[in-house]
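An overview of the molecular structure
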Amino acid sequence: MANAKVVFLHGLQQPVVDAIVSFNPAGFNTVVVSGRDPEEIQIDAISDADFIVVFRAKLTERMLRSAKKARLIQLLSAGYDSIDLKLLRELKIPCANNGGANSRAVSDHAVMAMLSLYRRLSAADDAMRAGRWSAAIDGMNTFEMANKLVGILGFGNIGQKVARRVQGFDAIVQYCDIAPQSPGRERELNVKRVSLEELFRTSDILTCHAPLTSQTRHIVNRERLATMKPTAILINTSRGPVVDEPALIEALQQKRIAGAGVDVFEKEPVDPANPLLRLENVVLSPHSAGTTWDTWFRRADFAYKNMKRVWDGEAPQAVATDYDS
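Computed from a predicted model, the values in this text were never measured in an experiment.

Parameters and conventions
- Residues numbered from 1 in each chain as written.
- Predicted model: local features only at pLDDT ≥ 70, side-chain atom pairs only at ≥ 80, totals over all residues.
- Heavy atoms only, no water.
- Salt bridge = Lys/Arg side-chain N within 4 Å of Asp/Glu carboxyl O.
- Helix = DSSP H or I, 4+ residues; strand = E, 2+ residues; numbered from the N terminus.
- Pairing = 2+ DSSP bridges.
- Axes fitted to C-alpha atoms, helices over the stretch in contact; angles between N-to-C directions.
- Contact = heavy atoms within 4.5 Å.
- Parallel < 35°, antiparallel > 145°, perpendicular 65-115°, else oblique.
- Left-handed = near helix turned anticlockwise from the far one by under 90°.
- Buried < 20%, exposed > 50% of the residue type's maximum accessible area, 1.4 Å probe, protein only.
- Polar contact = N/O pair within 3.5 Å; in protein donor to acceptor, adjacent residues only side chain to side chain.
- Phe/Tyr/Trp six-rings, centres within 6.5 Å; stacked < 30°, edge-to-face > 60°.

A closer look at the pattern of salt bridges
Under the defined criterion, the tally for this structure stands at 17 salt bridges. Between Arg164 and Glu188 there is a salt bridge, and its shortest N-O distance comes to 3.5 Å. One end of the pair, Arg164, is in helix α7 (residues 157–167); the other, Glu188, is in helix α8 (residues 183–189), with 24 residues separating them in the sequence. Put simply, Lys308 and Asp312 hold a salt bridge, and the shortest N to O gap is 2.9 Å. Through salt bridges that share partners, Glu39, Glu40 and Arg62 make up one connected network.

Pasting the structure below:
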């Protein structure tokens, strides 16, 4: 039997590519193609591919229609909003995401953003470097997470890990998700499900971990931001358009909420003129919450095992769902 051909389309540095491809199992042949190559080169590579692995590369309609042999599109990311799932359904090619692989990294990052805002870490670091010893901390503008009410918007893998982590700081947790947890699971996690309105109105910290769909696009909007406590902070490590960015900027500028930790943006890379870059009550990062050296090994392990399942005649795991169909 011929080897399975895997085409890995990417926008990564070579050491990361090497680490991922090192998981290539016997009977598989992985061809690495840069997502920056001309489209014709990418089409030529995937036209006879059994599997296509994608990370930080764009699969255009022409590319997908050329993938006549493809049995599975395997993403290394949790998010799949950049993939045309309706077209893939028409082409009868399943697409699998990689949701659990980066859940530790993203949940760590979300908690880091909360603590950075509460302890004014960026401002303290800036003041120290400028020779102003305690200028950023006045005894009234830093806070603890203990007994704060953390609201989690989207309660999947990442949201549940965030719940466990903030409880280590003695926070109280509530969540909102279209899919409720069982009463037993809620007791196990020590969380309470609330309505979207209550989540915004009562949370001291509101952290976003929902996928981007037509239902969640701008779910954090001007009206809901207006219901938040003036002492509340917002964290977004999910997808940029989950938050109406101009509305968030306005709320931050007018101090209608206390601060925000933003890892994802409506337009990426961020425009240098974006007002978020000039606000002191925000902590920013470049869509890097899920990026750690450790995650690549989990991503690659799952991806190749999933492709091996399909090659062996089994159904793929973690098939992405088109919520907007």
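Considerations on the sheet that holds strand β6 (residues 149–153)
Spatially, the seven strands line up as an open sheet ordered β8-β7-β6-β9-β10-β11-β12, and their pairing is parallel. With partners counted over all chains shown, the strands left at the sheet margins are β8 (191–193) and β12 (282–284), one partner each. The mean inter-strand angle of the sheet, taken between neighbouring strand axes irrespective of direction, is 15 degrees. Pairing of strand β9 (residues 205–208) with strand β10 (residues 233–236) involves four bridges; the strand directions are parallel. If you follow Thr207 over to β10, its bridge partner there is Ile235. Here helix α5 (residues 103–118) sits on the sheet in contact with β6, β9, β10, β11 (259–262) and β12, set at roughly 150 degrees to β10.

Comments concerning the packing of helix α1 (residues 14–21) against helix α12 (residues 293–311)
Direction vectors running N to C along α1 and α12 enclose 40 degrees, while the axes themselves pass 8 Å from each other. Viewed along their axes, α1 and α12 adopt a mutual orientation that is oblique. The element α1 and its partner α12 pack so that their crossing is right-handed. For the pair α1 and α12, contact is made by Pro15, Val16, Ala19, Ile20 and Val21 and by Trp293, Trp296, Phe297, Ala300 and Tyr304, respectively.

Considerations on the pairing of strand β1 (residues 4–10)
For β1, the buried fraction is high: seven of the seven residues fall into the buried class. The two faces of β1 match: Ala4, Val6, Phe8 and His10 on one face and Lys5, Val7 and Leu9 on the other face are all buried. Across five bridges, β1 lies against strand β3 (residues 51–55) in parallel orientation. Its bridge partner lying in β3, Val7 is registered against Ile52.

Considerations on the side chain of Ser34
Relative to the elements of secondary structure, Ser34 occurs in strand β2 (residues 28–34). A distance of 3.0 Å separates a polar side-chain atom of Ser34 from the backbone nitrogen of Arg36. Among residues more than four places away in sequence, those in contact with Ser34 are His10 and Gln42.

Structural notes on the packing of aromatic side chains
On inspection of all chains with the given rule, the structure shows eight aromatic pairs. Ring geometry for Phe55 against Trp296: centres 5.2 Å apart, planes inclined by 85 degrees, an arrangement best described as edge-to-face. On the criterion of sequence distance, the pair formed by Phe55 in strand β3 and Trp296 in helix α12 is long-range, its members being 241 residues apart. A single burial state applies to Phe55 and to Trp296, both of which are buried.

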